[in-house]
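Observations on the three-dimensional arrangement
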Amino acid sequence: MKHLLTALALIVAVPVQAAEKLTVALDWTPNTNHVGLYVAQAKGWFADAGLDVEILPYTDTSSGTLVATGVAQFGILSAVGFHSQRSMGADMTAVMAVVQHETGRLVFNGDREDIKRPADLDGLTYAGFGSAWENALISSIIRHDGGEGSFDTVTLGTSAYEALANGSVDFTLEVSTWEGVNSVLLNRPQRWFNYSDYGVPDQHTTFLGGNSTWLAKNGETASAFVEAAQRGYAFAAENPAEAADILVSETAGMLSNPELVHASMAALVEGGYLRDPGEPVGLIDPELITGITGFLFEAGILRDANGDVHKEMPDVAGWYTNQYLAQ
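Residues numbered from 1 in each chain as written. Predicted model: local features only at pLDDT ≥ 70, side-chain atom pairs only at ≥ 80, totals over all residues. Heavy atoms only, no water.

**Looking at the nonpolar core**
Rules: Nine residue types can take part in a nonpolar core, namely buried Ala, Val, Leu, Ile, Met, Phe, Trp, Tyr and Cys, and a core is a set of them joined through side-chain atoms within 4.5 Å. The rule is simple: take the accessible area with a 1.4 Å probe, protein chains only, and divide by the maximum for that residue type; under 20% is buried, over 50% is exposed, in between is partly exposed. A helix here means a DSSP run of H or I that spans at least four residues, while a strand means a run of E at least two residues long, and both kinds are numbered starting from the N terminus.
The biggest cluster of nonpolar side chains holds 49 residues, and the ones touching the most others in it are L37, F46, F74, L208 and F225. Tallying contributions element by element places helix α10 (residues 219-238) first for this core, with 10 residues. If you look at the next biggest cluster of nonpolar residues, it comprises 26 residues, including L106, L124, V200 and I301.

**Side note on the packing of helix α6 (residues 132-144) against helix α13 (residues 286-298)**
Stated formally: Only the stretch in contact is used when a helix axis is fitted, and all axes are lines through C-alpha atoms; the angle between N-to-C directions ranges over 0 to 180 degrees. An angle below 35 degrees is treated as roughly parallel, one above 145 as roughly antiparallel, one from 65 to 115 as roughly perpendicular, and anything else as oblique. In this description, contact between two residues means that some pair of their heavy atoms is separated by no more than 4.5 Å. Note that Gly is not counted as nonpolar here; it falls among the polar residues with everything else outside the nonpolar set of Ala, Val, Leu, Ile, Met, Phe, Trp, Tyr, Cys and Pro and the charged set of Asp, Glu, Lys and Arg.
In contact at an axis separation of 10 Å, α6 and α13 are set at 95° when each is read in the N-to-C sense. By the angle class used here, α6 and α13 are roughly perpendicular. For the pair α6 and α13, contact is made by W133, A136, L137 and S140 and by I292, F295 and L296, respectively. Partitioning the contact of α6 with α13 into residue classes produces six nonpolar, one polar and no charged.

**Quick notes on the sheet that holds strand β3 (residues 74-78)**
As a reminder, the rule being used: Any two strands between which DSSP finds at least two bridges are classified as paired.
On the basis of which strands lie adjacent, the open sheet formed by five strands has the order β2-β1-β3-β10-β4 and mixed pairing. In this open sheet, the two edge strands, each paired with only one partner strand, are β2 (51-56) and β4 (92-99). Geometrically, the sheet is characterised by an average inter-axis angle of 25° between neighbouring strands, direction not taken into account. Together, β1 (20-25), β2 and β3 form the strand contacts of helix α2 (residues 35-43), whose direction differs from that of β2 by roughly 140°.

**Things to note about the environment of L164**
By the secondary structure assignment, L164 is in helix α7 (residues 160-165). Sequence separation between L164 and Q190 is 26 residues; the distance between their C-alpha atoms is 10.0 Å. If near-sequence neighbours (up to four positions away) are discounted, L164 is found in contact with V107, F108, N109, V169, D170, F171, T172 and Q190.

Shown next as structure tokens:
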């Protein structure tokens, strides 16, 4: 009995190693671009990796800013926002491609007989979000089709979709795997132009990114987190319906339309957005990074740390890495 008590005392005396706390910031309110994080959380894969992960809600401060300033170690980053901030020297690195290809598209109501090609958009009214990217993108698409690239703009944010539906504006941009899916559910027929059909390079539209300084000092922890997140997205790619249920459950009522979540997950998987054939989920393609950066540079969107437009194409080699992914 004495030996047993001694052994038990030794077991109690050995401290249990606490899980390492990490935060990951969202780029928007929860949606299917975030599904891998919530799957990994629900399945216990972050905990299995020795991590206590807090998923930070979307706020007025961009996820890129939270990551670059070290408030969050990781974040979901929109591609254009990432490129713009990184070109200004923001302290962050893309560590995983959440979406493998462009999910955005230019859309208009399906009954518009006067819009048959991008050149027909000249002089019409666009409803958008007020970014330089939108103007450069749409102008480029129209000019590629032989138009002048001139149009009126009203900044409406997410209200653009209702304005389009009721005919207050002529066209807008949407994410095909979310707003596009929702338009079908709402029985609002649309037609669209895909960016890549009109000279705009394909891109990873969403990244998982990390604070570069933190990554350099915490390589093993970074790998543990990224691989667990990657496992979550891989599960979602193979099990979209279950992943959709997990996303709805884990977000505690924030997603009030499960039908949209399920339809969006189906669109992501059926469209091949979460995984390219023969490649690991999350792999970043250097050619896509270089291509879209070149487009943004030529459009005069990329600025340096002083706020001046870059005069030379930035070197993007240090902007991303695949080293933390399970290959």
